[in-house]
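The primary structure of each chain is shown beneath.
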Amino acid sequence: MSTGHHEASWRLPESDPYAHVDLDHYVRLARIAERGTFDSLFLADGPHLWGSIAQRPAGALEPLTLLTALATATEHIGLIATASTSYNSPYNLARKFASLDIISGGRAGWNIVTTAGAEAARNFGLDAEPAHAERYARAAEFLDVALKLWDSWEDDAIVADKAAGVWGDDAKIHPPRHQGTYFSVEGALNVPRSPQGYPLLVQAGSSEDGKAFAARYAEAVITAQQTLRDAQAFYGDLKSRTAQAGRDPEHIKVLPGIVPVIGATEAEARAAEQLLEDHIVYDHGVSRLESLLQLPSGTLELDAQLPADLPPESAIEGAKSRYTLIVELARRERLTVRQLIGRLGGGRGHLTFAGTPEQVADQIETWFTQGAADGFNIMPAVLPSGLETFVEHVVPILRTRGLLRTAYGPRQTLRERYGLPRPANQHTAALV
């Protein structure tokens, strides 16, 4: 998120308002994360201009393009790009991810999203966003086609026999010849099978449709959870669904987001958090919250609580799980709209936490050891300083406690880093 996950981070004196289009900025972040021996870095994305450009640095470099550049500037860290199944075609996207996986030596990951919101739909010739269930049905077929494409070359299809004049074995090319509800894809991919076979498959939806999709396909799930109890419930539910889908629950990693604001003392951390909150422009926050809650403009009052008659989640066709999380947070803590905007300003529903390095490490250890997480999506409120502070002060504590590696060791693919097997080619497996 360029200058940081807090919406007001760009207003701090240390921040560069142009960082969102500065390759050197992202290279620096990737290298700091490698210094902290992170597994991967993750870029969110959406195919539309998000909100008002008055609010914060707007727009973003296309993530697959950016991660290809970062692949040449890093050695170990995984590279996860967000891409939509609603507004892409399987052939082009499968080719791009295979290319990134080859260029990076097996470090590519795909955060699979169905993309909520009418703004994106109108950018692709639609009058309104497709219904929630339809977006997930399309996503399932999209994934099925992508898997066929990544398997359209067997691993040993390239012969490279110079003496015989034979470069490859046509018998080991398998065109998908797919005819489905949403897609018709005839030919094989024009890129060989990549080092990982498939990129790491990541998913970020927590609705019922999202969890069903994750249980079937996902190998890592990025989720927003506000309490340990909610996180434990989500973790247990998703692991159970994965087992019911016939998969090993250890082959899906649950990664809650956490937005740490770190200070040498708790008071220092609270002051840093307050400084960010003081820089929020509340008019922007009200407009964004009304849009998310699907309320008419002018409905919300800053110093009142949310209206009692909000629509149920079942009536929402956008980001269902995030809608429910935000409404439940506001109701549970009896927050005014102003207070709710302050809470959402840092993480948009992800857990925000201000404290010392030891307190941040305690929070991570508690969630990890008590069945709420396999790992974490660290979302510093301010970048790059928040990431540097985490790496310099929290990472050593996690290492001392045996919760994080001290070095990468031999080069591994992203799948290997996540403890996941390389998928067998479906055509080769069928012969065994």
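Note that the coordinates shown come from a computational prediction; the quantities given were computed from them, not determined experimentally.

Draft legend 1. Spatial organisation of the UniProt feature "binding site: FMN" (unreviewed entry) in the protein chain. Per the UniProt entry, the sites bearing "binding site: FMN" (unreviewed entry) are Asp45, Thr82, His132, Tyr136, Ser206 and Ser207 in this numbering. Among the secondary structure elements, histidine 132 is positioned in helix 5 (residues 132-150). A distance of 3.4 Å separates a polar atom in the side chain of serine 207 from a polar atom in the side chain of histidine 132.

Draft legend 2. Quick peek at the environment of glutamate 392. Here glutamate 392 shows up in helix 13 (residues 385-400). Residue classification places glutamate 392 among the partly exposed residues on the basis of a relative accessible area of 45%. Sequence separation of glutamate 392 and isoleucine 32 is 360 residues, and the distance between their C-alpha atoms is 9.5 Å.

Draft legend 3. Main features of the pattern of salt bridges. Counting across every chain of the model gives 20 salt bridges. The residue arginine 241 makes a salt bridge to glutamate 208 at a minimum N-O spacing of 2.6 Å. Linking arginine 241 in helix 7 (residues 228-244) with glutamate 208 in helix 6 (residues 208-217), this pair joins segments that are 33 residues apart in sequence. Glutamate 208 gets classed as partly exposed once you look at its relative accessible area, which sits at 46%. Residues lysine 211 and aspartate 237 are paired through a salt bridge, measuring 3.0 Å at the closest nitrogen-oxygen approach. Taken together, the positions of lysine 211 in helix 6 and aspartate 237 in helix 7 put the pair 26 residues apart, joining distant regions of the chain. When its relative accessible area of 11% is taken as the criterion, lysine 211 is described as buried.

Draft legend 4. Structural view of the layout of surface pockets. The space that makes up the second largest pocket amounts to roughly 280 Å³. Lining of the second largest pocket is provided by 18 residues; of these, Val261, Ile262, Ala272, Val382 and Ser385 occupy positions nearest its centre. Those elements that provide at least two residues to the lining of the second largest pocket are strand 10 (253-262), helix 8 (266-278) and helix 13. No other element matches helix 8, which puts five residues into the lining of the second largest pocket. Classifying every residue of the lining of the second largest pocket gives 12 nonpolar, four polar and two charged.

Draft legend 5. Geometry of the nonpolar core. Phe38, Trp110, Trp150 and Phe390 are the most contacted members of the largest nonpolar core, which has 61 residues in total. The residues contacting phenylalanine 38, other than those within four sequence positions of it, are Ala33, Ile77, Ile378, Leu387, Phe390, Val391, Val395, Arg405 and Tyr408. Leu293, Ile326, Leu340 and Ile341 belong to the second-largest nonpolar core, a separate cluster that totals 21 residues.

Calculation criteria
Residues numbered from 1 in each chain as written. Predicted model: local features only at pLDDT ≥ 70, side-chain atom pairs only at ≥ 80, totals over all residues. Heavy atoms only, no water. UniProt positions renumbered as here; feature names shortened; annotations may be inferred. Helix = DSSP H or I, 4+ residues; strand = E, 2+ residues; numbered from the N terminus. Polar contact = N/O pair within 3.5 Å; in protein donor to acceptor, adjacent residues only side chain to side chain. Buried < 20%, exposed > 50% of the residue type's maximum accessible area, 1.4 Å probe, protein only. Salt bridge = Lys/Arg side-chain N within 4 Å of Asp/Glu carboxyl O. 1 Å grid on protein atoms, 1.4 Å probe; cavity = no way out; pocket = protein on both sides within 12 Å on 5 of 7 lines; lining within 4 Å. Points joined across faces, edges and corners; volume = space filled by probe spheres on them. Nonpolar A, V, L, I, M, F, W, Y, C, P; charged D, E, K, R; others polar. Core = buried A, V, L, I, M, F, W, Y, C linked by side-chain atoms within 4.5 Å. Contact = heavy atoms within 4.5 Å.

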